[in-house]
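Reading the structure
If you want the building blocks of each chain, they are given just below.
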Amino acid sequence: WRFGDHWAKRLRSMARSTDRFIVISPHDRDEALRLLAVDEAQIEWIPDGVDIKRFHRQTLTPDERLGRWRHWLIEDPRGWDESGKPGSIRYGEPDLRHFVDPHTGEPAPVLLYVGRFLGFKQVPLLVRAYARARLSFEAPAPLVIWGGFPGEFEGEHPSAVAREEGVDGVFFLGWRGHDDLPNGLACADLFVAPSVDEPFGQVYLEAMACAVPVIATRSGGPLSYVNTEPDRPNGWLVKPGDLDALVEALVEAVNNPDERRERGENAYRQVQSGYSWHSLCERFVAVYEAVMSS
(Lines give C-alpha, C1' and ligand atoms only; values in the text may rest on other atoms or scores of the structure.)
Protein backbone atom coordinates (compact mmCIF):
# COMPACT_ATOMS: atom_id res chain seq x y z
CA TRP A 1 0.00 0.00 0.00
CA ARG A 2 1.67 3.25 -1.10
CA PHE A 3 0.42 5.13 1.98
CA GLY A 4 1.61 2.46 4.41
CA ASP A 5 4.85 4.14 5.51
CA HIS A 6 3.08 7.46 6.05
CA TRP A 7 0.40 5.92 8.29
CA ALA A 8 2.89 3.75 10.17
CA LYS A 9 4.89 6.86 11.11
CA ARG A 10 1.74 8.76 12.01
CA LEU A 11 0.38 5.99 14.24
CA ARG A 12 3.71 5.56 16.02
CA SER A 13 3.83 9.31 16.61
CA MET A 14 0.33 9.24 18.09
CA ALA A 15 1.32 6.25 20.24
CA ARG A 16 4.27 8.15 21.73
CA SER A 17 1.91 10.96 22.86
CA THR A 18 -0.67 8.63 24.42
CA ASP A 19 -0.86 7.93 28.16
CA ARG A 20 -2.88 4.70 27.97
CA PHE A 21 -4.08 2.24 25.37
CA ILE A 22 -7.18 0.11 25.75
CA VAL A 23 -7.04 -3.03 23.64
CA ILE A 24 -9.72 -5.68 23.35
CA SER A 25 -7.61 -8.83 23.60
CA PRO A 26 -4.16 -10.09 24.58
CA HIS A 27 -3.63 -10.67 20.85
CA ASP A 28 -4.11 -6.95 20.17
CA ARG A 29 -1.88 -6.09 23.13
CA ASP A 30 0.93 -8.13 21.58
CA GLU A 31 0.33 -6.47 18.20
CA ALA A 32 0.46 -3.00 19.78
CA LEU A 33 3.79 -3.86 21.42
CA ARG A 34 5.17 -5.23 18.17
CA LEU A 35 3.97 -2.48 15.82
CA LEU A 36 3.93 0.68 17.93
CA ALA A 37 6.90 0.14 20.23
CA VAL A 38 5.05 1.34 23.32
CA ASP A 39 5.61 0.52 26.98
CA GLU A 40 3.61 -2.52 28.08
CA ALA A 41 2.64 -0.64 31.25
CA GLN A 42 0.62 1.77 29.07
CA ILE A 43 -1.66 -0.97 27.78
CA GLU A 44 -4.89 -2.05 29.44
CA TRP A 45 -6.75 -5.10 28.16
CA ILE A 46 -10.53 -4.75 28.44
CA PRO A 47 -12.63 -7.02 26.21
CA ASP A 48 -15.63 -5.96 24.19
CA GLY A 49 -18.92 -6.46 25.96
CA VAL A 50 -22.20 -8.03 24.94
CA ASP A 51 -25.67 -6.53 25.15
CA ILE A 52 -27.13 -9.39 27.17
CA LYS A 53 -30.64 -7.95 26.87
CA ARG A 54 -30.51 -8.54 23.11
CA PHE A 55 -28.36 -11.64 23.09
CA HIS A 56 -29.83 -14.22 25.42
CA ARG A 57 -31.16 -17.73 25.18
CA GLN A 58 -34.64 -18.22 23.80
CA THR A 59 -36.97 -21.18 24.14
CA LEU A 60 -38.53 -22.03 20.78
CA THR A 61 -40.94 -24.73 19.73
CA PRO A 62 -39.80 -26.95 16.84
CA ASP A 63 -42.33 -25.22 14.57
CA GLU A 64 -41.05 -21.77 15.51
CA ARG A 65 -37.50 -22.81 14.86
CA LEU A 66 -38.30 -24.38 11.50
CA GLY A 67 -40.40 -21.36 10.59
CA ARG A 68 -37.42 -19.05 11.00
CA TRP A 69 -35.26 -21.19 8.72
CA ARG A 70 -38.11 -21.26 6.18
CA HIS A 71 -38.27 -17.47 6.20
CA TRP A 72 -34.51 -16.91 5.81
CA LEU A 73 -33.92 -19.67 3.26
CA ILE A 74 -37.09 -19.76 1.16
CA GLU A 75 -39.25 -16.69 1.68
CA ASP A 76 -36.43 -14.13 1.84
CA PRO A 77 -33.38 -15.72 0.18
CA ARG A 78 -30.22 -13.60 0.23
CA GLY A 79 -27.50 -16.18 -0.28
CA TRP A 80 -25.18 -15.38 -3.17
CA ASP A 81 -22.74 -17.22 -5.38
CA GLU A 82 -19.74 -15.95 -7.35
CA SER A 83 -22.04 -13.50 -9.14
CA GLY A 84 -22.30 -11.50 -5.93
CA LYS A 85 -26.05 -11.10 -6.41
CA PRO A 86 -28.17 -11.60 -3.26
CA GLY A 87 -30.75 -14.31 -3.87
CA SER A 88 -28.67 -16.10 -6.50
CA ILE A 89 -28.65 -19.11 -4.12
CA ARG A 90 -32.18 -20.31 -3.38
CA TYR A 91 -33.84 -23.19 -1.58
CA GLY A 92 -37.18 -24.95 -1.61
CA GLU A 93 -39.44 -26.59 0.95
CA PRO A 94 -37.82 -30.04 0.46
CA ASP A 95 -34.49 -28.62 1.64
CA LEU A 96 -35.93 -28.09 5.12
CA ARG A 97 -35.72 -31.84 5.67
CA HIS A 98 -32.11 -31.27 6.70
CA PHE A 99 -33.33 -29.35 9.74
CA VAL A 100 -35.42 -32.23 11.13
CA ASP A 101 -34.15 -35.54 12.49
CA PRO A 102 -35.93 -38.16 10.34
CA HIS A 103 -35.90 -40.70 13.17
CA THR A 104 -37.31 -38.56 15.97
CA GLY A 105 -39.01 -35.65 14.22
CA GLU A 106 -37.13 -33.31 16.56
CA PRO A 107 -35.05 -30.36 15.32
CA ALA A 108 -31.67 -31.39 13.95
CA PRO A 109 -28.63 -29.75 15.57
CA VAL A 110 -27.62 -26.76 13.46
CA LEU A 111 -24.02 -25.65 12.97
CA LEU A 112 -23.74 -21.91 12.35
CA TYR A 113 -21.00 -19.71 10.91
CA VAL A 114 -21.44 -15.94 10.96
CA GLY A 115 -19.04 -13.56 9.24
CA ARG A 116 -17.51 -12.28 6.05
CA PHE A 117 -15.79 -14.35 3.36
CA LEU A 118 -12.28 -13.02 3.97
CA GLY A 119 -9.19 -15.18 3.72
CA PHE A 120 -8.39 -15.35 7.42
CA LYS A 121 -11.96 -16.46 8.20
CA GLN A 122 -11.18 -19.86 6.59
CA VAL A 123 -14.74 -20.50 5.39
CA PRO A 124 -13.66 -22.85 2.54
CA LEU A 125 -11.78 -24.92 5.14
CA LEU A 126 -14.96 -25.10 7.21
CA VAL A 127 -16.98 -26.36 4.24
CA ARG A 128 -14.39 -29.04 3.48
CA ALA A 129 -14.24 -30.09 7.12
CA TYR A 130 -18.04 -30.33 7.23
CA ALA A 131 -18.08 -32.47 4.07
CA ARG A 132 -15.83 -35.00 5.82
CA ALA A 133 -17.30 -34.74 9.30
CA ARG A 134 -20.93 -35.30 8.26
CA LEU A 135 -20.03 -38.85 7.19
CA SER A 136 -19.50 -39.62 10.89
CA PHE A 137 -22.48 -37.70 12.29
CA GLU A 138 -24.94 -39.89 14.15
CA ALA A 139 -27.77 -37.51 13.24
CA PRO A 140 -28.25 -34.96 10.45
CA ALA A 141 -26.73 -31.59 11.26
CA PRO A 142 -26.90 -28.86 8.61
CA LEU A 143 -24.24 -26.16 8.32
CA VAL A 144 -25.67 -22.66 7.92
CA ILE A 145 -23.35 -19.95 6.61
CA TRP A 146 -24.72 -16.58 7.65
CA GLY A 147 -23.07 -13.53 6.13
CA GLY A 148 -20.66 -12.74 3.38
CA PHE A 149 -21.11 -9.14 2.24
CA PRO A 150 -22.53 -9.35 -1.34
CA GLY A 151 -19.73 -9.57 -3.87
CA GLU A 152 -16.91 -9.56 -1.30
CA PHE A 153 -14.83 -12.71 -1.01
CA GLU A 154 -11.16 -13.65 -0.98
CA GLY A 155 -9.86 -16.85 -2.52
CA GLU A 156 -12.37 -19.63 -3.17
CA HIS A 157 -16.04 -18.83 -2.82
CA PRO A 158 -17.55 -21.13 -0.16
CA SER A 159 -20.48 -22.10 -2.40
CA ALA A 160 -18.01 -23.18 -5.11
CA VAL A 161 -16.27 -25.36 -2.53
CA ALA A 162 -19.61 -26.91 -1.54
CA ARG A 163 -20.28 -27.73 -5.21
CA GLU A 164 -16.77 -29.10 -5.66
CA GLU A 165 -17.17 -31.34 -2.60
CA GLY A 166 -20.61 -32.45 -3.76
CA VAL A 167 -21.95 -31.91 -0.26
CA ASP A 168 -25.55 -31.10 0.58
CA GLY A 169 -26.64 -29.81 3.94
CA VAL A 170 -24.75 -26.51 3.53
CA PHE A 171 -27.00 -23.45 3.43
CA PHE A 172 -26.11 -19.85 2.56
CA LEU A 173 -28.29 -17.20 4.20
CA GLY A 174 -26.49 -14.15 2.90
CA TRP A 175 -25.92 -10.82 4.58
CA ARG A 176 -28.41 -10.06 7.36
CA GLY A 177 -28.82 -7.23 9.81
CA HIS A 178 -27.42 -7.43 13.31
CA ASP A 179 -30.97 -7.26 14.68
CA ASP A 180 -31.67 -10.66 13.09
CA LEU A 181 -28.67 -12.34 14.68
CA PRO A 182 -30.12 -13.08 18.14
CA ASN A 183 -33.00 -14.91 16.45
CA GLY A 184 -30.56 -16.85 14.28
CA LEU A 185 -28.41 -17.88 17.23
CA ALA A 186 -31.55 -19.04 19.03
CA CYS A 187 -32.01 -21.58 16.22
CA ALA A 188 -28.43 -22.86 16.35
CA ASP A 189 -26.75 -25.48 18.50
CA LEU A 190 -23.09 -24.88 17.72
CA PHE A 191 -21.18 -21.84 16.48
CA VAL A 192 -18.21 -22.68 14.24
CA ALA A 193 -15.68 -20.12 13.03
CA PRO A 194 -12.15 -21.40 12.29
CA SER A 195 -10.66 -17.93 11.77
CA VAL A 196 -6.90 -17.57 12.14
CA ASP A 197 -5.75 -14.67 14.35
CA GLU A 198 -9.24 -13.23 14.76
CA PRO A 199 -8.54 -9.84 16.43
CA PHE A 200 -11.32 -10.36 18.98
CA GLY A 201 -14.40 -12.19 17.72
CA GLN A 202 -17.46 -10.33 19.00
CA VAL A 203 -19.84 -12.79 17.39
CA TYR A 204 -18.30 -15.70 19.33
CA LEU A 205 -19.29 -13.95 22.58
CA GLU A 206 -22.74 -13.17 21.20
CA ALA A 207 -23.21 -16.86 20.47
CA MET A 208 -22.04 -17.77 23.96
CA ALA A 209 -24.47 -15.24 25.44
CA CYS A 210 -27.22 -17.26 23.74
CA ALA A 211 -25.92 -20.50 25.34
CA VAL A 212 -24.41 -21.68 22.06
CA PRO A 213 -20.95 -23.28 22.49
CA VAL A 214 -18.25 -22.40 19.97
CA ILE A 215 -15.54 -24.04 17.92
CA ALA A 216 -12.61 -21.67 17.45
CA THR A 217 -8.89 -21.93 16.75
CA ARG A 218 -6.02 -21.55 19.18
CA SER A 219 -5.17 -18.09 17.91
CA GLY A 220 -6.18 -14.46 18.25
CA GLY A 221 -8.88 -13.01 20.46
CA PRO A 222 -10.95 -16.15 21.21
CA LEU A 223 -8.06 -17.49 23.30
CA SER A 224 -8.99 -14.88 25.91
CA TYR A 225 -12.46 -16.31 26.56
CA VAL A 226 -12.86 -19.80 25.05
CA ASN A 227 -12.08 -22.56 27.55
CA THR A 228 -10.37 -20.15 29.93
CA GLU A 229 -12.08 -21.38 33.12
CA PRO A 230 -10.58 -24.62 34.47
CA ASP A 231 -12.96 -27.60 34.41
CA ARG A 232 -15.68 -25.49 32.75
CA PRO A 233 -15.10 -25.65 28.97
CA ASN A 234 -17.44 -23.51 26.91
CA GLY A 235 -16.39 -24.73 23.49
CA TRP A 236 -13.68 -26.46 21.48
CA LEU A 237 -10.29 -25.11 20.38
CA VAL A 238 -8.44 -26.54 17.40
CA LYS A 239 -5.10 -25.87 15.75
CA PRO A 240 -5.35 -23.06 13.15
CA GLY A 241 -5.73 -24.32 9.61
CA ASP A 242 -5.83 -27.98 10.69
CA LEU A 243 -8.53 -29.73 8.67
CA ASP A 244 -8.31 -33.00 10.59
CA ALA A 245 -8.60 -31.27 13.97
CA LEU A 246 -11.65 -29.30 12.80
CA VAL A 247 -13.29 -32.48 11.51
CA GLU A 248 -12.69 -34.18 14.85
CA ALA A 249 -14.17 -31.27 16.81
CA LEU A 250 -17.27 -31.15 14.59
CA VAL A 251 -17.90 -34.87 15.01
CA GLU A 252 -17.40 -34.73 18.77
CA ALA A 253 -19.72 -31.74 19.17
CA VAL A 254 -22.50 -33.12 16.97
CA ASN A 255 -22.43 -36.65 18.38
CA ASN A 256 -22.39 -35.58 22.04
CA PRO A 257 -25.51 -33.48 22.64
CA ASP A 258 -25.15 -33.58 26.45
CA GLU A 259 -21.59 -32.28 26.25
CA ARG A 260 -22.68 -29.64 23.75
CA ARG A 261 -25.44 -28.44 26.05
CA GLU A 262 -23.14 -28.40 29.09
CA ARG A 263 -20.55 -26.31 27.27
CA GLY A 264 -23.30 -24.01 26.07
CA GLU A 265 -24.46 -23.52 29.65
CA ASN A 266 -20.90 -22.75 30.73
CA ALA A 267 -20.61 -20.23 27.92
CA TYR A 268 -23.86 -18.56 28.94
CA ARG A 269 -22.80 -18.20 32.58
CA GLN A 270 -19.36 -16.88 31.68
CA VAL A 271 -20.73 -14.11 29.45
CA GLN A 272 -23.45 -13.20 31.92
CA SER A 273 -20.95 -12.82 34.75
CA GLY A 274 -18.01 -11.20 33.01
CA TYR A 275 -18.82 -9.77 29.60
CA SER A 276 -21.96 -7.69 29.96
CA TRP A 277 -21.38 -3.98 29.43
CA HIS A 278 -22.51 -3.37 32.98
CA SER A 279 -19.84 -5.66 34.38
CA LEU A 280 -17.10 -4.03 32.29
CA CYS A 281 -17.90 -0.40 33.14
CA GLU A 282 -15.81 -0.37 36.32
CA ARG A 283 -12.73 -1.47 34.40
CA PHE A 284 -13.09 1.46 31.99
CA VAL A 285 -13.67 3.87 34.84
CA ALA A 286 -10.53 2.63 36.59
CA VAL A 287 -8.42 3.42 33.52
CA TYR A 288 -9.76 6.97 33.25
CA GLU A 289 -9.27 7.60 36.97
CA ALA A 290 -5.70 6.31 36.85
CA VAL A 291 -4.85 8.65 33.95
CA MET A 292 -6.50 11.64 35.62
CA SER A 293 -4.61 11.10 38.86
CA SER A 294 -1.21 10.55 37.26
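Residues numbered from 1 in each chain as written. Predicted model: local features only at pLDDT ≥ 70, side-chain atom pairs only at ≥ 80, totals over all residues. Heavy atoms only, no water.

A few points about the packing of helix α7 (residues 202-209) against helix α9 (residues 257-274)
Packing of α7 against α9 brings their axes to within 7 Å, and their N-to-C directions diverge by 110 degrees. Classified by the angle between their axes, α7 and α9 sit roughly perpendicular to one another. Here L205, M208 and A209 of α7 come into contact with α9, specifically with A267, Y268, V271 and Q272. (Axes fitted to C-alpha atoms, helices over the stretch in contact; angles between N-to-C directions. Helix = DSSP H or I, 4+ residues; strand = E, 2+ residues; numbered from the N terminus. Parallel < 35°, antiparallel > 145°, perpendicular 65-115°, else oblique. Contact = heavy atoms within 4.5 Å.)

Things to note about the packing of aromatic side chains
Summed over the entire model, instances satisfying the criterion amount to 14 aromatic pairs. Aromatic side chains W80 and F117 sit 5.5 Å apart centroid to centroid with 35 degrees between the ring planes, which places their arrangement in the tilted category. On the criterion of sequence distance, the pair formed by W80 in the loop between α3 (62-75) and β3 (111-115) and F117 in the loop between β3 and α4 (123-133) is long-range, its members being 37 residues apart. According to the relative accessible area criterion, F117 is buried, its value standing at 3%. Each residue in the set W69, W72, Y91, F99, W146 and F171 is aromatic and connected to the rest through ring pairs, giving one cluster. A cation over a ring is seen here: R263 above W236, with NZ or CZ 4.2 Å from the ring centre. Taking the ring centre of W45 as reference, the NZ or CZ of R283 above it sits at 5.9 Å. (Phe/Tyr/Trp six-rings, centres within 6.5 Å; stacked < 30°, edge-to-face > 60°. Buried < 20%, exposed > 50% of the residue type's maximum accessible area, 1.4 Å probe, protein only. Lys NZ or Arg CZ within 6 Å of the ring centre and 35° of its normal.)

Topic: unusual backbone geometry
Unlike most non-glycine residues, A211 shows phi in positive territory, near 65 degrees. Turning to its location among the elements, A211 is positioned in the loop between α7 and β7 (214-217). A relative accessible area of 23% places A211 in the partly exposed class. The backbone of D231 sits at a positive phi, close to 65 degrees, despite the residue not being glycine.

Structural notes on the pattern of salt bridges
It is possible for side chains bearing opposite charge to pair when their charged atoms get close. Under the counting rule described, the total for this entry stands at 22 salt bridges. The closest approach of N and O atoms between E265 and R57, which form a salt bridge, is 2.5 Å. Of this pair, E265 sits in helix α9 while R57 is found in the loop between β2 (43-45) and α3, placing the two residues 208 residues apart along the sequence. For the salt bridge of R134 with D168, the shortest nitrogen-to-oxygen distance reads 2.8 Å. Here R134 is found in the loop between α4 and β4 (143-147), whereas its partner D168 is found in the loop between α5 (158-165) and β5 (170-174), with 34 residues between them in sequence. Among the residues examined, D168 registers a relative accessible area of 36% and is labelled partly exposed. Look at the salt bridges and you will find they share partners, linking R128, E156, E164 and E165 into a network. (Salt bridge = Lys/Arg side-chain N within 4 Å of Asp/Glu carboxyl O.)

Structural notes on the packing of α4 against helix α8 (residues 243-255)
Relative to each other, α4 and α8 sit at 55 degrees, their axes nearing to 9 Å. Relative to α8, α4 is oriented oblique. Handedness of the crossing formed by α4 with α8: right-handed. Together, L125, L126, R128, A129, Y130, R132 and A133 of α4 and L243, D244, L246, V247, L250 and V251 of α8 make up the contact between the two elements. The residue makeup of the contact of α4 with α8, split by class, is 10 nonpolar, no polar and 3 charged. (Left-handed = near helix turned anticlockwise from the far one by under 90°. Nonpolar A, V, L, I, M, F, W, Y, C, P; charged D, E, K, R; others polar.)

Digging into the pairing of β7
Consecutive side chains along a regular strand alternate between the two faces of the sheet. Along β7, one buried face is formed by V214 and A216 and the opposite face, lined by I215 and T217, is buried too. By the bridge criterion, 2 bridges tie strand β6 (residues 190-192) to β7 in an arrangement that is parallel. Within the sheet, the bridge partner assigned to F191 lies in β7 and is V214. This β-α-β element, β6 to α7 to β7, shows right-handed connectivity. Across 4 bridges, β7 lies against strand β8 (residues 235-238) in parallel orientation. Among the inter-strand pairings, V214 is bridged to a residue of β8, identified as G235. (Pairing = 2+ DSSP bridges. Right-handed = clockwise from strand over helix to strand, strands pointing away.)

Nothing here speaks to function; it is all geometry.
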